[in-house]
Amino acid sequence: KKTVRVQAGVKVSQLVEFLRPYKLTLQNYASIAEQQIGGFVQVGAHGTGMGIPPVDMQVLSMKILTPALGLIELNEEKNPILFKLARVALGSLGVMVEATIQCVDAHLLKEQTFVSTAEQVWLGQLLLLSVLAGFEMARCLLLFVV
């Protein structure tokens, strides 16, 4: 299954280290590994990689403590609408106390660091927009910027 059930107060770095002997990791996590899982999920952290979904999409189930209903468990089968709302609720529906997260096989990441001018950054963004949103939108932006 490659899943892990974790309390919301566990730090991302602790969870990653716990998963290491099992040759598993999280599909996505941000550069700040000292975040707690509860906050990490509840804010819709996006992590790294354009093709990788935000971390809340890897949550398979969660337990939240609500003022009105007490402790409830949410997942796609039991209460799909409330589950989708609660994944990125910023604590508004209750306090997340536990989550079951889908993991992936461990892998190595390669970091590349480089320096760019402001013009290179703008052109790179326009190129990305042309691929994602269509050439016409990027062309309009280029005309506006230039």
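Structure: above.
Remember, it's a predicted structure, so these values are computed and weren't measured experimentally. Chains are numbered independently. Their residues run from 1 in the order of the written sequence. Local features in this predicted model are restricted to residues of pLDDT 70 or higher, and side-chain atom pairs are both shown and tallied only at a pLDDT of 80 or more, whereas totals for entire chains, interfaces and linings draw on every residue. Hydrogens and water are ignored here; the side-chain numbers use all heavy atoms of the structure.

Trainee: What is the right way to look at the pairing of strand β4 (residues 70-75) in this model?
Mentor: In short, DSSP must find at least two bridges between two strands for them to pair. Numbering of helices and strands runs from the N terminus; a helix is a DSSP stretch of H or I covering at least four residues, while a strand is a stretch of E covering at least two. Pairing of strand β3 (residues 59-66) with β4, which is carried by six bridges, proceeds in the antiparallel orientation. Looking across to β4, one finds that serine 61 is bridged to asparagine 75. Linking two consecutive strands that pair antiparallel, namely β3 and β4, is a turn of three residues.

Trainee: Just to check I follow, could you spell out the pairing of strand β1 (residues 3-7) for this structure?
Mentor: Only protein chains enter the accessibility calculation, which uses a 1.4 Å probe; a residue is then buried when its area is under 20% of its type maximum, exposed when over 50%, and partly exposed in between. The two faces of β1 differ: Val4 and Val6 on one face are buried, but Thr3, Arg5 and Gln7 on the other face are not. Relative to strand β5 (residues 95-105), β1 runs antiparallel, the two sharing five bridges. The partner of valine 4 across the bridge, within β5, is isoleucine 101.

Trainee: Would you mind going over the pattern of salt bridges with me for this structure?
Mentor: In the sections that follow, a salt bridge refers to a side-chain nitrogen of Lys or Arg positioned within 4 Å of a carboxyl oxygen of Asp or Glu. Using the criterion set out here, one finds eight salt bridges in the structure. Among the ionic pairs, glutamate 98 bridges to arginine 5, the shortest N-O distance being 2.6 Å. Residue glutamate 98 is found in strand β5, and its partner arginine 5 is found in strand β1; the two are separated by 93 residues along the sequence. The exposure class of glutamate 98 is buried, given its relative accessible area of 16%. Between glutamate 17 and arginine 20 there is a salt bridge, with the nearest N and O atoms lying 2.5 Å from each other. Exposure remark for glutamate 17: the relative accessible area of 46% places this residue in the partly exposed category. Residues participating in the shared-partner salt-bridge network are Arg5, Lys63, Glu73, Lys78 and Glu98.

Trainee: Sorry if this is basic, but what is going on with helix α1 (residues 12-19) here?
Mentor: Residues spaced three or four apart along an α-helix face the same direction, because each turn holds 3.6 residues. Along α1, the residues that are buried comprise Val12, Ser13, Leu15, Val16 and Leu19. Along the axis of α1, the buried positions cluster into a sector of 160 degrees, meaning they face one direction only. Elements that come into contact with the buried residues of α1 comprise β1, β2 (24-26), α2 (37-42) and β5. The directions from the helix axis to the C-beta atoms form the arc being described. What makes two residues a contact is simply this: any of their non-hydrogen atoms within 4.5 Å.

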